[in-house]
Amino acid sequence: KGEYLSTHIDATGAINNLFDFALRDKPLNASIDLKADELDLREWISKFPNIPAAATPQINAPFEVPENIDFTINAEAGRLHYDNLDLQNVSGKLQMSDQTVQFHTVKANGLDGDIVIDGTYSTLEHGANPEIALTYDVKGLDIQKTFLAFNTVQKIMPVARFMSGNLNAHMTLNGRLHDDMTPDLQTLQGEGNILLPAASLKDFGPVDKLSQSLDITELKDVPLKDVKADFSFKNGKVLVAPFPVHTNNMDLQIGGTHGFDQSLDYVISLKVPRSQLGSKGVTFVKNVVVQAADKGIPVKLDDAVSMNVRMNGTLTSPEVKADMDAVVDNAATDLKKEVSEFVNAKLDSAKQQLRNPPAAGKKQIFVRTGYKSKTNLKAKKNTPSANKIRVHSKPKKHPVHSKAKKKKKKPSGNYTMNLKKDKSTAGSGSKKRG
């Protein structure tokens, strides 16, 4: 049992190889169960200025994991305070060896939710710049409190400053720390996903500017429900994969990149009901329709208008540009689709007739395949063969000679079941058959 400042400690455990450690320089192996009522690291840090001047160079040095130890610590703390973070019911398993601390399922309640951390902290390679590799799983955290508690969140998810509600998230990251234990942002890399069961976005500069440009008042306060996004980050840039948002009867798809320096490069595909467009938005849409018509593309607007929005600049000074290329492109695509479907339908009908010719006794269609002069046609009328194989569209009034059926002579090459009609000859053939 022990006490340091306001912290009361209760420890139980065993040292397993004291003689090997003392005489043979083997790593000291121990297992410890450690309990503390409250760990106020703010108070501990505030005592550092009282250290003698000779030791002051070490004040800002990071925690260096001792050499030559092999400890397993099962730790519990009723409360833990550090910087802007206040946690309760902290528990987890720590393994310390090779100048590295391994965290195994470190759990805590805080920020109105639950936190689970796994990973490593190591001073083996770079004592002055510790290496970290951590995995976070959080559920139900208050967005505003989380933003204020973690400076990494402020860089990775700067939009959180303008959000309220709760979040669930999974994130892995690795990188290094400075000698004051703050992250070296340029070395951080990782990935994760975030789920917003119920949240809202308000007073976010880029969206506010879009709202002003198109007079869409519903964009000034955006409710977010069951919104999920995947992200990754590296070299000071965060890549957000396109994700869908349905809010205030509008459909959005958002994706792009932003930098730890607050720079923006996002594209938003927006589908908004025409009734929600203000005067500026209506004017903008009308101009696009007229311009498209001038190019020969008849744009037919639905009840909802689609457009693309490009966001650049920075969070504090955003540049927003809206265009309706999506509307024009879709109109041109639909027009091509209609023509293609019409042509395909006609071809399918013709192929069907070729595969399934009419049954006996039904009216058949004959189309002349080539041009024949009137003189040749008159000459053929007087020949016996012509009288025998002449075929009419009304067989009951003009029956085919019985001898012709027995001989099974082929019809004249002037007729075929081919439905493709030569424009230059089809008209004359139909007149001749009368």
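Residues numbered from 1 in each chain as written. Predicted model: local features only at pLDDT ≥ 70, side-chain atom pairs only at ≥ 80, totals over all residues. Heavy atoms only, no water.

*Asks:* Quick question: what am I supposed to make of the overall build of the protein chain here?
*Replies:* Scanning the protein chain from terminus to terminus reveals 11 helices and 18 strands. Put simply, the protein chain has 434 residues, and 30% of those count as buried. Look at the contacts in the protein chain between residues 6 or more apart in sequence, and 57% of them connect residues 24 or more apart. Accessible surface for the protein chain amounts to roughly 27,200 Å². Of this, 53% is attributable to carbon and sulfur atoms. (Helix = DSSP H or I, 4+ residues; strand = E, 2+ residues; numbered from the N terminus. Buried < 20%, exposed > 50% of the residue type's maximum accessible area, 1.4 Å probe, protein only. Contact = heavy atoms within 4.5 Å. Areas by Shrake-Rupley, 256 points an atom, 1.4 Å probe, with all protein chains shown as cover.)

*Asks:* Can you help me understand the environment of threonine 217 in this one?
*Replies:* Structurally, threonine 217 is set in the loop between helix 5 (205-214) and strand 11 (221-234). A relative accessible area of 52% places threonine 217 in the exposed class.

*Asks:* Just to check I follow, could you spell out the confidence of the model for the protein chain for this structure?
*Replies:* Predicted coordinates in regions of low pLDDT should not be interpreted in detail. Put simply, the protein chain has an average pLDDT of 77, and 64% of its residues get 70 or more. A low-confidence stretch, residues 365-381 (pLDDT under 50), is modelled with 34 contacts involving residues beyond four sequence positions or located in other chains. This model gives residues 384-394 a pLDDT under 50, and the stretch forms 14 contacts once residues within four places in sequence are excluded. (pLDDT = per-residue confidence, 0-100.)

*Asks:* Looking at this structure, I do not really get the pairing of strand 12 (residues 237-247). What am I missing?
*Replies:* In regular strands, side chains alternate between the two faces of the sheet. Pairing of strand 11 with strand 12, which is carried by 4 bridges, proceeds in the antiparallel orientation. Following the sheet pairing, phenylalanine 233 is matched in strand 12 by valine 238. Counting the residues that bridge the hairpin from strand 11 to strand 12 gives 2 residues, and of these asparagine 235 lies at a positive phi of roughly 55°. Taken together, the 9 bridges between strand 12 and strand 13 (residues 250-259) define a ladder with antiparallel strand orientation. What sits directly across from lysine 237, in strand 13, is glycine 259. From the end of strand 12 to the start of strand 13, which pair antiparallel, there are 2 residues, and asparagine 248 there has a positive phi angle of about 50°. (Pairing = 2+ DSSP bridges.)

*Asks:* In this structure, what is going on with unusual backbone geometry? I would like to understand it.
*Replies:* Trans is the common state for peptide bonds, and a negative phi is the common state for residues other than glycine. Of note, the phi angle at leucine 111 is positive, near 55°, even though the residue is not glycine. Of the residues examined, leucine 111 reaches a relative accessible area of 9% and is grouped as buried. Even without being a glycine, aspartate 203 presents a positive backbone phi close to 60°. Following the sequence through the fold, aspartate 203 ends up in the loop between strand 10 (189-202) and helix 5. Relative accessible area serves as the criterion here: at 51%, aspartate 203 is assigned to the exposed category.

*Asks:* Quick question: what am I supposed to make of the packing of aromatic side chains here?
*Replies:* The description of an aromatic ring pair rests on the distance of the ring centres and on the angle between the ring planes. If you walk through the whole model with that rule in mind, you get 3 aromatic pairs. For the ring pair phenylalanine 162 and phenylalanine 204, a centre distance of 5.4 Å and an interplane angle of 45° mean the geometry is tilted. Of this pair, phenylalanine 162 sits in the loop between helix 4 (151-156) and strand 9 (163-176) while phenylalanine 204 is found in the loop between strand 10 and helix 5, placing the two residues 42 residues apart along the sequence. Judged by its relative accessible area of 10%, phenylalanine 204 falls in the buried class. Measuring from ring centre to ring centre gives 6.4 Å for phenylalanine 231 and phenylalanine 233, while their planes differ by 20°; the resulting arrangement is stacked. (Phe/Tyr/Trp six-rings, centres within 6.5 Å; stacked < 30°, edge-to-face > 60°.)

*Asks:* Any chance you could explain the nonpolar core here in plain terms?
*Replies:* One broad rule of soluble globular proteins: the nonpolar side chains tend to lie buried together. Of all hydrophobic cores here, the largest spans 71 residues; its most connected members are Met163, Leu167, Leu196, Ile216, Leu224, Phe233 and Leu270. At 6 residues, the largest contribution of residues to this core is made by strand 11. When near neighbours in sequence (up to four residues on either side) are disregarded, leucine 270 contacts Leu210, Leu214, Ile216, Met250, Asp251, Leu252, Val305, Ser306 and Met307. (Core = buried A, V, L, I, M, F, W, Y, C linked by side-chain atoms within 4.5 Å.)

*Asks:* It is not clear to me how the pattern of salt bridges should be interpreted in this structure. Could you clarify?
*Replies:* Where side chains of opposite charge bring their charged atoms close, a pairing between them can arise. According to the stated counting rule, one finds 6 salt bridges in the structure shown. Taking the shortest distance from any N to any O, the salt bridge between glutamate 38 and arginine 79 comes out at 3.2 Å. Of this pair, glutamate 38 sits in strand 3 (residues 28-40) while arginine 79 sits in strand 4 (residues 69-82), and the two are 41 residues apart along the sequence. Arginine 310 is paired through a salt bridge with aspartate 265; the nearest N and O atoms lie 3.1 Å apart. In this pair, arginine 310 sits in strand 15 (residues 304-313) while aspartate 265 sits in strand 14 (residues 264-273), placing the two residues 45 residues apart along the sequence. When its relative accessible area of 40% is taken as the criterion, arginine 310 is described as partly exposed. (Salt bridge = Lys/Arg side-chain N within 4 Å of Asp/Glu carboxyl O.)

*Asks:* Would you mind going over the side chain of asparagine 168 with me for this structure?
*Replies:* Of note, asparagine 168 is situated in strand 9. A polar side-chain atom of asparagine 168 sits 2.8 Å from the main-chain amide nitrogen of glycine 140. Ignoring anything within four residues of it in the chain, the contact list for asparagine 168 reads Val138, Lys139, Gly140, Asn193, Ile194, Leu195 and Pro197. (Polar contact = N/O pair within 3.5 Å; in protein donor to acceptor, adjacent residues only side chain to side chain.)

*Asks:* I keep staring at helix 5 and nothing clicks. Help me out?
*Replies:* One full turn of an α-helix is made of 3.6 residues, so residues set three or four places apart face in the same direction. Looking at helix 5, one finds that the buried residues are Pro206, Val207, Asp208, Leu210, Ser211 and Leu214. Of the residues flanking the end of helix 5, it is aspartate 215, one or two places downstream, whose phi is positive at about 60°.

*Asks:* Teacher, can you tell me more about a nonpolar patch on the surface here?
*Replies:* A cluster of nonpolar residues, Ile15, Leu18, Phe19, Phe21 and Leu23, forms a patch on the protein surface that exposes about 560 Å² of accessible area. For the nonpolar patch, the element with the highest residue contribution is helix 1 (residues 18-24), accounting for 4 residues. Position of isoleucine 15 among the secondary structure elements: in strand 2 (residues 7-15). (Patch = residues over 30% accessible without salt bridge, like charges linked within 9 Å, V, L, I, M, F, W, Y side chains within 5 Å.)

*Asks:* Explain the environment of isoleucine 132 to me, please; I cannot follow it from the model alone.
*Replies:* Take isoleucine 132: it is sitting in strand 8 (residues 131-142). A residue is classified by how much of its surface remains accessible, and isoleucine 132, at 11% relative accessible area, is buried. Remark: the alpha-carbon pair of isoleucine 132 and proline 183, spanning 51 residues in sequence, is separated by 9.2 Å. Those residues within four positions of isoleucine 132 in sequence are excluded, and the remaining contacts are Thr120, Tyr121, Leu173, Asn174, Gly175 and Leu177.

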